[in-house]
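Summary of the model geometry
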Amino acid sequence: MASALKNLSEYNEATIPDASSFQFGIVVAEWNEKITHALYEGCYETLVKHGALEDRIKTIQVPGSFELPIGAKLLAANGKYDAIICIGCVIKGETSHNEYINHAVASGLTNLSVLSSIPCVFGVLTPDDEQQALERAGGQHGNKGVEAAVTAIRLASLKGQFSGKKQKIGF
Ligand code: DLZ
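These notes cover the structure that comes with them. None of these values were measured; they are calculated from a predicted model.

Observations concerning the overall build of the chain
The helix and strand tally for the chain stands at five helices and six strands. Across the chain, helices and strands are ordered from the amino to the carboxyl terminus as β-α-β-α-β-α-β-α-β-β-α. Rg of the C-alpha trace for the chain: 16 Å, near the compact-globule value of 16 Å for 171 residues, within the 12% margin. In terms of its C-alpha atoms, the chain occupies a principal-axis envelope of roughly 50 × 35 × 35 Å. Per-residue burial for the chain yields a buried fraction of 44% across its 171 residues. At a minimum sequence separation of 6, the contacts of the chain that also span at least 24 residues come to 79%. When the accessible surface of the chain is split by element, carbon and sulfur atoms take 53% of a total near 9800 Å². In the chain, 15 positive and 18 negative side-chain charges are present, and the distance between their average locations comes to 13 Å.

A short note on the nonpolar core
Membership of the largest hydrophobic core comes to 29 residues, with the highest contact counts inside it found for F24, I26, I35, C43, L47, I85 and I87. Where this core is concerned, the elements lending two or more residues are β1 (24-29), α1 (33-49), β3 (83-89), β4 (120-125) and α5 (144-162). With seven residues, α1 is the single largest residue contributor to this core. Those residues within four positions of L47 in sequence are excluded, and the remaining contacts are A19, F24, I26, A52, I57, I85, A149 and I153. With 18 residues, the next largest nonpolar core counts V62, Y81, V105 and I118 among its residues.

What to know about the packing of aromatic side chains
What the rule picks out here adds up to two aromatic pairs. Note on F22 and F24: the rings are 6.2 Å apart at their centroids and 85 degrees apart in plane angle, and the pair reads as edge-to-face. For the pair F22 and F24, a shared accessibility class is recorded, and that class is buried. Ring plane angle 50 degrees and centroid distance 5.8 Å describe the contact between Y40 and Y44, whose orientation is recorded as tilted. With Y40 and Y44 both in helix α1, this residue pair falls four residues apart, about one helical turn. Side by side, Y40 and Y44 carry an identical accessibility label, which is buried.

Comments concerning the site of the ligand
Lining the immediate environment of the ligand, one finds W31, N32, G64, S65, F66, E67, C89, V90, I91, H97 and I101. Within the contact set of the ligand, an oxygen atom lies 3.4 Å away from a backbone nitrogen or oxygen of G64. When the ligand is considered free in solution it has 490 Å² of accessible area, and contact with the protein chains removes 72% of it. Taken together, the residues of the shell around the ligand break down into six nonpolar, four polar and one charged.

Description of the pattern of salt bridges
Per the stated rule, a full pass over the model turns up five salt bridges. A salt bridge links E130 to K34, with the shortest nitrogen-to-oxygen separation between them at 3.8 Å. Of this pair, E130 sits in helix α4 (residues 130-135) while K34 sits in helix α1, placing them 96 residues apart in sequence. Relative accessible area serves as the criterion here: at 56%, K34 is assigned to the exposed category. When the shortest N-O distance is used, the salt bridge between E135 and R136 registers 3.6 Å. Taking the relative accessible area as the measure of exposure, E135 reaches 16% and is therefore buried.

Reading guide: rules and limits
- Residues numbered from 1 in each chain as written.
- Predicted model: local features only at pLDDT ≥ 70, side-chain atom pairs only at ≥ 80, totals over all residues.
- Heavy atoms only, no water.
- Helix = DSSP H or I, 4+ residues; strand = E, 2+ residues; numbered from the N terminus.
- Rg over C-alpha atoms; globule rule 2.2 N^0.38 Å.
- Buried < 20%, exposed > 50% of the residue type's maximum accessible area, 1.4 Å probe, protein only.
- Contact = heavy atoms within 4.5 Å.
- Areas by Shrake-Rupley, 256 points an atom, 1.4 Å probe, with all protein chains shown as cover.
- Lys, Arg positive; Asp, Glu negative; His and termini not counted.
- Charge placed at Lys NZ, Arg CZ, Asp CG, Glu CD.
- Core = buried A, V, L, I, M, F, W, Y, C linked by side-chain atoms within 4.5 Å.
- Phe/Tyr/Trp six-rings, centres within 6.5 Å; stacked < 30°, edge-to-face > 60°.
- Near = heavy atom within 4 Å.
- Polar contact = N/O pair within 3.5 Å; in protein donor to acceptor, adjacent residues only side chain to side chain.
- Nonpolar A, V, L, I, M, F, W, Y, C, P; charged D, E, K, R; others polar.
- Salt bridge = Lys/Arg side-chain N within 4 Å of Asp/Glu carboxyl O.

This is the structure:
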């Protein structure tokens, strides 16, 4: 698989828009806290590195990843965020619990993004075990929190290009 060959957290910083004018919301799940905290740190540091002002970043916590969509919705209802980043880690267990959570979060965030026009970034790890998670939370496969932050900045910038313009969907 192509992604196994490279660290996707390495990106060309010069191509990322300045984030100083944007407001970001971050929702962090408390389950697998060691992992989600590392993802959060990578995410937060990346936003600030690209110019985001600390008083324009609002962080809230939710119990588990299943609650990420409602956390994001509570932030979205405020109307002031240019992008919302959702951070979680759902580790595969003995049952199919993880599949229900992952599908619910993915579709919940997709629906919220499309209906609210606020980009809600899927910063959720779906590893088989904790080792795989650690490798993606600051280990050999980078930090997916960094990638979530980069995505949020890019989407916030893109959204800005369309603000004030009437959008037509369909034909
Ligand atoms: C219940 C549960 C389980 C088994 N595993 C995880 C997990 O690996 N990662 C995670 O973020 N949350 C987990 N949860 C909690 C659910 O996301 C949710 O908080 C509860 O089912 C309550 O709605």
